[in-house]
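# Observations on chain architecture
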Amino acid sequence: MKIGIIGAGFGGMAAAYDLRKAGHEVTVFEAAGFVGGLASGFKEPYWDWSVEKFYHHWFASDKHMLGLIEELGLSDGVIFPRPYTVLLYKGKWYPFDSILKALLFPGLGFGLNKIRFGLVGLYLRLTNNWKPFERVTVEEWMRKWAGKKVYEQMWQPLVIGKFGPHYKDVNMAWMWARLKARTTRLGTFQGGFQAFADRFAEILRERGVEIRLGAKVESIKRKQAGLSVRSEVGAESFDQVLVTTSPNLMAKLCPELPESYLKGLLELKSMGAVVMVVSLKHQLSEQGYYWFSLPKGEGFPFLALVEHTNFVSPEHFGGDHILYAGDYLVPGHEYFSLSDDELLERFAPAFKRINPKFALDWVKKVWVFKTNYAQPVPLVNHSKNIPSIETPVEGLYFASMSQVYPWDRGTNFAVEIGRRAARLMIEKTV
Ligand SMILES: Cc1cc2nc3c(=O)[nH]c(=O)nc-3n(C[C@H](O)[C@H](O)[C@H](O)COP(=O)(O)OP(=O)(O)OC[C@H]3O[C@@H](n4cnc5c(N)ncnc54)[C@H](O)[C@@H]3O)c2cc1C
């Protein structure tokens, strides 16, 4: 079979791996000049490692990703350093990356609220049946079971930060999945995610997959036999096609999808993201903190501050200290149209709140990355809204971040859904 895949992110590449292994002829079309998609990275000429455009790490529980890495024989490249995650309480930062640290966190006092926080967390981690959770919102469920104080101190800032105006509508299965699937141990790849993506692409090519970079697909049309994929260089026929873009792009690529499927794609909600990467001459958090969770109510101009070089050593970046400042935003938010300098002007005062010694002349270089599609928003009874991987157009498949529900998006689940799509496609060919 001749198979076309649109997108060389981790979903597309994982699918290409299995489809090729099953003996098919696979061509991957990638609009960008590089592989890795949302998890791709960039590099200054004097850096040994790349930096992800949007901060990325793996969890110790990311079995689909870590399993694939093992199959590829690349497990030696995976590292799990021991970074600090911190939470703000009354102007002070408290480490929050182990059960002991959570117990010592003063934000919930040391009485009933801490017990409720612990019991609710434990219950969610031990429960496997997520279905009932999708019938209620995080707001309703947490207020009822964890209580007002625990919800407002611990969980509300997280849902507000991630989902902005949609936060009251997000279903509890999202929170369940987050607590169930995440660990405090965080990992990465030596050389950065881009190094892994490039090595993966190299292995695919060695095995005979054709990966075309700078090949933006413009349309996919059903022909009498097979599907016609049109890009700038012309049209080409395939027996099956897998699309791994956002639902919006999928709808544009294939307008001949039936009305009900198109409507399903277009009704899915998602948040965008704006992330600034800054290289600094000095370390910002002298305590060595990696991840700062910033409650929106504390007046920070962004949600997450991440000092990458408190996770991996600055020696990989020629001694530069790498900082991320990022936020999830509704598409159209003013941050999407500000210039890099304007955004730095907004963000820099917040760096001083982390380290009063910070001055603008610490900044060596600034990069800003923006995407309209960063975080799907799962509403009540969301499982009914998930588009099927096999579309109603014969031979056309779709696998995106919006379909990994109830799990939250991540490269681990991109690999899982890419491989699930490949299995479905292979089944159709036998
Ligand atoms: C701010 C942020 C932080 C994140 N943090 C983490 C994290 O810590 N850990 C983690 O595991 N995951 C994280 N993720 C999620 C992770 O990046 C995604 O889940 C994963 O990369 C999705 O992979 P994908 O293959 O499904 O899609 P994508 O990576 O989006 O790949 C789709 C590809 O399709 C290409 N494409 C689009 N249109 C066309 C076209 N017309 N023709 C050809 N090609 C096209 C795109 O260029 C892209 O390369 C984060 C994401 C964001 C935005």
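Per chain, residue numbering runs from 1 following the sequence as it is written. At least 70 in pLDDT is required for a residue's local features to be given in this predicted model, at least 80 for side-chain atom pairs to be given and counted, and no such filter applies to totals for whole chains, interfaces and linings, which use all residues. Note: side-chain values were computed over all heavy atoms of the structure, leaving out hydrogens and water.

### Comments concerning empty space enclosed by the protein
The rule is simple: put a 1 Å grid over the protein atoms alone, call a set of points where a 1.4 Å probe fits but cannot get out a cavity, call an open set with protein on both sides within 12 Å along at least five of seven lines a pocket, and count a residue as lining if it has an atom within 4 Å of a point. Grid points are joined across faces, edges and corners, and a volume is the space filled by probe spheres set on the points. Overall, the coordinates contain one cavity of 30 Å³ or more when judged by the stated rule. As a volume, the largest cavity reaches approximately 100 Å³. Tallying contributions element by element places strand E19 (residues 363–377) first for the lining of the largest cavity, with three residues. Its residues assigned to classes, the lining of the largest cavity shows nine nonpolar, three polar and two charged. Secondary structure elements follow DSSP: runs of H or I of four or more residues count as helices, runs of E of two or more count as strands, with numbering from the N terminus. Gly falls in the polar group here, along with every residue not listed as nonpolar (Ala, Val, Leu, Ile, Met, Phe, Trp, Tyr, Cys, Pro) or charged (Asp, Glu, Lys, Arg).

### Some points on the nonpolar core
Leu 124, Met 142, Trp 155 and Met 175 are the most contacted members of the largest nonpolar core, which totals 57 residues. Residue contributions to this core peak at seven residues, all from helix H7 (residues 172–181). For our purposes a nonpolar core is just a set of buried Ala, Val, Leu, Ile, Met, Phe, Trp, Tyr and Cys residues, chained together by side-chain atoms within 4.5 Å. Classification of residues uses two cut-offs on accessible area relative to the type maximum, computed with a 1.4 Å probe and protein chains only: under 20% is buried, over 50% is exposed, and between them is partly exposed.

### Examining the pattern of salt bridges
When a carboxyl oxygen of Asp or Glu is within 4 Å of a side-chain nitrogen of Lys or Arg, the pair counts as a salt bridge. Summed over the entire model, instances satisfying the criterion amount to 22 salt bridges. Here Glu 44 makes a salt bridge to Lys 365, at a shortest N to O gap of 3.2 Å. On the criterion of sequence distance, the pair formed by Glu 44 in the loop between strand E3 (41–42) and strand E4 (51–52) and Lys 365 in strand E19 is long-range, its members being 321 residues apart. Judged by its relative accessible area of 14%, Glu 44 is buried. For Asp 408, the salt bridge is made with Arg 182, and the minimal N-O distance between the two is 3.6 Å.

### Notes on the sheet that holds strand E2 (residues 25–29)
Strand pairing is assigned whenever DSSP identifies at least 2 bridges connecting the two strands. A sheet is described by the order of its strands in space; here five strands give the open sequence E10-E2-E1-E14-E20, paired in parallel fashion. The strands lining the two open edges of the sheet, one partner per strand, are strand E10 (210–212) and strand E20 (396–398). Neighbour-to-neighbour, the strand axes of the sheet open up by a mean angle of 15 degrees, direction not taken into account. Both E2 and E10 contribute to a ladder of three bridges, which runs parallel. The partner of Phe 29 across the bridge, within E10, is Arg 212. What counts as an axis is a line fitted to C-alpha atoms, over the stretch in contact for a helix, and the angles between N-to-C directions run from 0 to 180 degrees.

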